[in-house]
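Below are the chains, spelled out letter by letter.
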Amino acid sequence: MRSLSGIQPSGEAHLGNYFGAIRQHVEIEGIYFVADYHSMTTVRSAEARRAHVEELVLDYLACGFDTETSILYRQSDLPETAELAWMLTTVTPMGLLQRATSYKDKVAAGFPADHGLFAYPVLQAADILQFNPDIVPVGQDQKQHVEMTRDIATKFNQTYGREVFQLPEPQIHEDVAIVPGVDGQKMSKSYGNTLRMFWPEKKLKKAVMGIVTDSSPVEAPKDTGQTVFQLWSLFATKTEREDMFARAKAGGLGYGDIKKDLLQRLLDVFGPMRTRREELASRPDTVQDVLRTGAARARVLAEPIWAAAREAAGVGAPTRR
Ligand code: ADP
Ligand code: TRP
């Protein structure tokens, strides 16, 4: 069973990225990459992009990503992905892309409506199909992109009469489909409502204490659907959750107490990872070494599929048999 997924280097990775993506990428052996080409649709600074790539690789390593069993590479180290995206774009119906909600959301959020943003799902399809993975572990918001990938794969296979690509399945962690931000909306870099797992304690504390709650007094029973309970639940076992929710419903539980407990849990879980991250960051070549090895290993896996796509479409020299 082959797993493949990517994450954009578009800013500081946060708890939503951790529970929605990174944690699964660490747990499921597979091929993972830093989508720097994709980040070009929203990040226009070369310097910022390079820094984000570096930070994200360190985050993965700190979170326990095993570069022996899994592959971590940088998207642009396999430029053939962009060639494959072109081959796929020639069979992608405009209507399919026009239905993409992430495009509409980004334009509504003020990003320029350029062709790269519009064609984003086609590049994502190329990322995926070049490895013919069985599953693509992603957050709920990426489900549509994986479904579009399936449509594009089918279109290419039908057009050229060959089963070059297999259809991948999105794998969504149902428990944590959407991690809320401190303001109760979806946690996202673009909303400025994140909690970053590797922030220094002081900054993390300030953000946790700022999580929105209703204004019910301590004695009142609490609505456990609130953001603070959802965030806290990410770090609790089922029994702990049941106990806490029973206390909340009985009244007498202050929001300050649950926030303090959440902060402690954040520090307990991510503290050791932060120490490890600092060690890794102090060695200058760590990130580049990981990316170089990752790209070489990824290339070996993608090459036969690139060749099959070229062969099917009749571009490039015929593959020698
Ligand atoms: P952001 O919204 O902060 O820009 P990205 O779009 O770069 O995050 O998401 C990277 C990965 O993290 C994706 O797989 C996405 O599904 C997941 N993810 C992002 N935010 C959340 C969230 N709040 N809850 C769950 N998963 C998330
Ligand atoms: N679009 C994804 C996101 O914003 C990142 C991504 C790019 C991706 N290519 C991918 C995810 C391929 C899974 C598979 O999070």
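Residues numbered from 1 in each chain as written. Chains lettered and ligands numbered in written order. Predicted model: local features only at pLDDT ≥ 70, side-chain atom pairs only at ≥ 80, totals over all residues. Heavy atoms only, no water.

As for unusual backbone geometry
Within the chain, N132 stands out as a residue other than glycine whose phi angle is a positive 40°. By secondary structure assignment, the location of N132 is in the loop between α7 (115-129) and β4 (135-137). On the basis of relative accessibility, which here comes to 17%, the residue N132 falls in the buried class. (Helix = DSSP H or I, 4+ residues; strand = E, 2+ residues; numbered from the N terminus. Buried < 20%, exposed > 50% of the residue type's maximum accessible area, 1.4 Å probe, protein only.)

Observations concerning the sheet that holds strand β1 (residues 4-7)
Neighbouring strands of a sheet are bound in pairs by backbone hydrogen bonds; such pairs are parallel or else antiparallel. With parallel pairing, the 3 strands of this open sheet are ordered in space as β1-β2-β3. One side of each edge strand has no neighbouring strand; the edge strands of this open sheet are β1 and β3 (71-74). With direction set aside, neighbouring strand axes in the sheet form an average angle of 20°. Pairing analysis gives 4 bridges linking β1 to strand β2 (residues 31-34), with the strands arranged parallel. (Pairing = 2+ DSSP bridges. Axes fitted to C-alpha atoms, helices over the stretch in contact; angles between N-to-C directions.)

Points about the site of ligand 2
Near ligand 2 there are 13 residues, and of these Q8, Y120, Q124, D127 and Q142 occur at the shortest range. Here D127 contributes a side-chain N or O atom positioned 2.7 Å from a nitrogen atom of ligand 2. A distance of 2.9 Å is found between a nitrogen atom of ligand 2 and a side-chain nitrogen or oxygen belonging to Q142. A majority-of-atoms criterion places ligand 2 in the largest pocket. Ranked by residues supplied to the shell around ligand 2, first place goes to α7 with 4 residues. Taken together, the residues that form the shell around ligand 2 break down as 6 nonpolar, 6 polar and 1 charged. (Near = heavy atom within 4 Å. Polar contact = N/O pair within 3.5 Å; in protein donor to acceptor, adjacent residues only side chain to side chain. 1 Å grid on protein atoms, 1.4 Å probe; cavity = no way out; pocket = protein on both sides within 12 Å on 5 of 7 lines; lining within 4 Å. Sits in = over half its atoms within 2 Å of the grid points. Nonpolar A, V, L, I, M, F, W, Y, C, P; charged D, E, K, R; others polar.)

Let's talk about the site of ligand 1
The environment of ligand 1 is formed by 16 residues, the closest being H14, D141, V179, S188 and K189. Residue G16 places a main-chain N or O atom 3.2 Å away from a nitrogen atom belonging to ligand 1. Between ligand 1 and K189 there is a distance of 2.8 Å, counted from an oxygen atom to a backbone nitrogen or oxygen. Here ligand 1, which alone exposes 540 Å², has 90% of that area covered by the protein. Spatially, ligand 1 is embedded in the largest pocket. For the shell around ligand 1, the per-class residue count stands at 6 nonpolar, 7 polar and 3 charged. (Areas by Shrake-Rupley, 256 points an atom, 1.4 Å probe, with all protein chains shown as cover.)

Looking at the nonpolar core
Core analysis: the largest hydrophobic core is formed by 52 residues, its most contacted members being L15, V57, L195 and F270. Going through the elements one at a time, α1 (15-27), β2, α3 (46-62), α9 (201-209), α10 (227-233), α11 (238-250), α12 (255-282) and α13 (286-313) are the ones with two or more residues in this core. Broken down by element, the residue count for this core peaks at 9 residues, all from α12. Lining this core are residues from two domains, each supplying at least three of them: domain 1 (4-178 + 284-313) and domain 2 (198-280). Discounting chain neighbours no more than four positions away, the residues touching F270 are L15, Y18, M197, F198 and F235. F33, L97, L117 and A302 belong to the second-largest nonpolar core, a separate cluster that totals 42 residues. (Core = buried A, V, L, I, M, F, W, Y, C linked by side-chain atoms within 4.5 Å. Domains from an automatic or database assignment. Contact = heavy atoms within 4.5 Å.)

Here's the deal with the layout of surface pockets
Considered as a void within the structure, the largest pocket measures approximately 1,200 Å³ in volume. Forming the walls of the largest pocket are 44 residues, and the residues nearest its centre are Q8, K106, D141, Q142 and K186. At the level of elements, β1, α1, α6 (101-108), α7 and α8 (143-160) are the ones that each hand at least two residues to the lining of the largest pocket. Across the lining of the largest pocket, the residue classes tally to 18 nonpolar, 20 polar and 6 charged. (Points joined across faces, edges and corners; volume = space filled by probe spheres on them.)

Observations regarding the packing of aromatic side chains
Counted under the stated rule, the structure contains 13 aromatic pairs. Geometrically, the ring pair formed by Y32 and F65 is edge-to-face, given 5.8 Å between the ring centres and 90° between the ring planes. One end of the pair, Y32, is in strand β2; the other, F65, is in the loop between α3 and β3, and 33 residues separate them in sequence. Ring geometry for Y60 and F65: centres 5.7 Å apart, planes at 70°, overall edge-to-face. In this structure, Y60 and F65 share a single accessibility class: buried. An aromatic cluster is present here, built from Y18, F19, F198, F235 and F270 joined pairwise through their rings. Between the NZ or CZ atom of K106 and the centre of the ring of Y120, over which it lies, the distance is 4.5 Å. Directly above the ring of Y255 sits K222, whose terminal nitrogen or CZ lies 5.5 Å from the centroid. (Phe/Tyr/Trp six-rings, centres within 6.5 Å; stacked < 30°, edge-to-face > 60°. Lys NZ or Arg CZ within 6 Å of the ring centre and 35° of its normal.)

Details of the domain arrangement of the protein
The domain boundaries assigned to the protein delineate domain 1 (4-178 + 284-313) and domain 2 (198-280). Taking the mean C-alpha position of each, domain 1 and domain 2 sit 32 Å from one another. Contact with domain 1, which involves 13 residues of that partner, is made by 11 residues of domain 2. Together domain 1 and domain 2 conceal approximately 1,100 Å² of surface at their shared face, both sides included; 65% is due to carbon and sulfur atoms. If you sort the residues of domain 1 by the area they bury against domain 2, L15, F19 and A62 come out on top, with a joint share of 38%. In this structure, the connection of domain 1 to domain 2 is made through 2 salt bridges. Taking the shortest distance from any N to any O, the salt bridge between R277 and D59 comes out at 2.7 Å. On inspection of domain 1 and its partner domain 2, the count reaches 5 residue pairs in polar contact (both at pLDDT 80 or more). (Buried area = accessible area lost by both parts, 1.4 Å probe. Salt bridge = Lys/Arg side-chain N within 4 Å of Asp/Glu carboxyl O.)

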